[in-house]
Amino acid sequence: PSYVLILDNRVEIRDAAPVRGKPIWETDAWMKEQAGDDHLVSLAAGPAGENLVPFACLTSEAYRQAGRGGAGAVFGSKNLKAVAVRGTGSVRVPDIQSFMAMYDDIFHNHLVTDDNLWAYEEGTPTIVDLSQMTGLLPTRGFSEGVFEGVEGINSAAIQARKSRNRACATCPLACGQLTRNADGPMEGPEYETLGLGGSNCGIDDLEAITAFNRLCDNLGLDTISTGNVIGLAMLMAQEGIHDFGVHFGNVEEYLAVTESIAHLRGAGAELARGSHHIAQKYSAEHLVMESKGLEFPAYDPRGSYGMALAYCTSDRGGCHMRAFPVGKEAFGDADPFTLDGKAAMVIEGQNFNSVKWTGIFCDFWAISIKDIVNLVSSGTGHPYTEDELPTIGERIWNLGRILNVREGFSRKDDYPPSAIFDRPLPAGPAAGKNFTREEYETALSEYYRLRGWTEDGIPTPERLAALGLAGLME
Ligand code: SF4
């Protein structure tokens, strides 16, 4: 493999043979040593990416991942081990004074506020108890929604091991919770890892989940998909469908199979193909939790119905970063057990997040459309308006849909797996709750109608023309 080294405006493609098959943290240290520069920052694939595992991630600065959808495998397919950057220049901002004044206002009045204190004090592990209380914490392969071992994996358990906070560059929220562990310090685990790698695998041992987290980050595996796949394999063993040698609560098997997945060894070689594949091969479609081949994150839609629509209309499948209705449903004031009104809620979230991610704002920064408009306008010199931004989000969303349609996606790909309809959760606040296929059909049609798409989920020429995308579907 090769790596791309960018030093200011000089770009080189260099041989990465010495780190072929090596874990990411070792690769990062090697590139720093080669460059003789400790400030070099890299985005690297691990063995999982080199082995084209479809849920291989990329890791930067040890604990930051481009986690979902297989970016690590994209690097692997191009024999690209990493991109490493060291820049010493500056970025030109047309109106730096008003930009900094706005930043100051956002910093003091919207960011470092009591409402955001949760990020500093507890970070995302605080969601574990919320999910447990609302009955949507994925447990034992999504077969349950409450976990009897929750006290081993919740925020209080993390706080008992916390040594200090850790932040991304210049962020005052510093949501990272650095913990002490037998294998040394580690940031996290975050909520998704606690849910998918913890309760979903029947594991309540925080030391083990941290080891799983470390393996995934270093080998280049997405913890969400990996925990989902292993949980499914454990459930298949429990149901007598197929035994991959992994069983709920068995820490040794759980850690061993994580390594095997990255290196395509033994049962890991098969699990590395993902939940969709193993469910199809072993007739376990009635148990799987994925959409468009991407495994569900740690919010069971049976406890927050809008998440079903969010996952299944998402361009990349089971993703909670496109729209997050659970924040308003199970964790807020909206009724979590109805699909009424959820199409509009999901669309609003998808459009807004399309803008927010394009602007590279952190998920945990509760930033408004108005603030984004002001920052981006003074930062770029282009005068955006508040009315314009949702339309820009809609345009981004439609561009994604156009690409998916080109690849053959349509309404048939926007449905939840059958377990959502047919296997209600057995206990907890969401026990016995599920919506019918007819109710989902109605919500999906409403979603398409509001988007200006056909009943089959295809953007209409009129809608595309209104968004300035005329001709892109031809
Ligand atoms: S930028 Fe976001 S993820 Fe990073 S420390 Fe701040 S709040 Fe946390």
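It should be emphasised that the depicted structure is a prediction, and the values quoted were computed from it without experimental measurement. (Residues numbered from 1 in each chain as written. Predicted model: local features only at pLDDT ≥ 70, side-chain atom pairs only at ≥ 80, totals over all residues. Heavy atoms only, no water.)

Our focus in this paragraph is the domain arrangement of the chain. Along its sequence, the chain is organised into domain 1 (2-86), domain 2 (95-121 + 299-474) and domain 3 (123-290). Domain 1 and domain 3 are separated by 24 Å when their C-alpha centres are compared. Counting residues at the interface gives 21 residues for domain 1, matched by 26 residues for domain 3. Roughly 1900 Å² of surface becomes buried between domain 1 and domain 3 when both sides are summed, with 57% attributable to carbon and sulfur atoms. For the interface between domain 1 and domain 3, the tally reads two salt bridges. For Arg68, the salt bridge is made with Asp222, and the minimal N-O distance between the two is 2.7 Å. (Domains from an automatic or database assignment. Contact = heavy atoms within 4.5 Å. Buried area = accessible area lost by both parts, 1.4 Å probe. Salt bridge = Lys/Arg side-chain N within 4 Å of Asp/Glu carboxyl O.)

Another aspect to go through is the pattern of salt bridges. Pairs may arise between side chains of opposite charge once their charged atoms sit close together. Taken as a whole and assessed by the stated rule, the structure comprises 25 salt bridges. Here Arg322 makes a salt bridge to Asp315, at a shortest N to O gap of 2.8 Å. The buried category is assigned to Arg322, whose relative accessible area is 18%. Residues joined in a network through salt bridges with shared partners are Arg10, Glu12 and Arg14. (Buried < 20%, exposed > 50% of the residue type's maximum accessible area, 1.4 Å probe, protein only.)

Here we take up the packing of helix 9 (residues 206-219) against helix 10 (residues 223-238). Axis separation between helix 9 and helix 10 bottoms out at 10 Å; the angle between their running directions is 120°. Considering their axes alone, helix 9 and helix 10 lie oblique with respect to each other. Relative to helix 10, the crossing made by helix 9 is right-handed. Contacts from Phe212, Asn213, Cys216 and Asp217 in helix 9 reach Thr223, Thr226, Gly227 and Ile230 in helix 10. Split by residue class, the contact of helix 9 with helix 10 holds three nonpolar, four polar and one charged. (Axes fitted to C-alpha atoms, helices over the stretch in contact; angles between N-to-C directions. Helix = DSSP H or I, 4+ residues; strand = E, 2+ residues; numbered from the N terminus. Parallel < 35°, antiparallel > 145°, perpendicular 65-115°, else oblique. Left-handed = near helix turned anticlockwise from the far one by under 90°. Nonpolar A, V, L, I, M, F, W, Y, C, P; charged D, E, K, R; others polar.)

Note: strands within a sheet are paired through backbone hydrogen bonds, in either parallel or antiparallel orientation. Judged by pairing direction, the sheet is antiparallel, and its three strands sit side by side in the order 7-8-9 without closing on themselves. Since the sheet does not close on itself, it has two edges, and those belong to strand 7 (162-166) and strand 9 (186-187), each with one partner. As paired strands, strand 7 and strand 8 (residues 176-179) are joined by four bridges and run antiparallel to one another. In the sheet register, Lys162 faces strand 8, and the bridge partner there is Thr179. (Pairing = 2+ DSSP bridges.)

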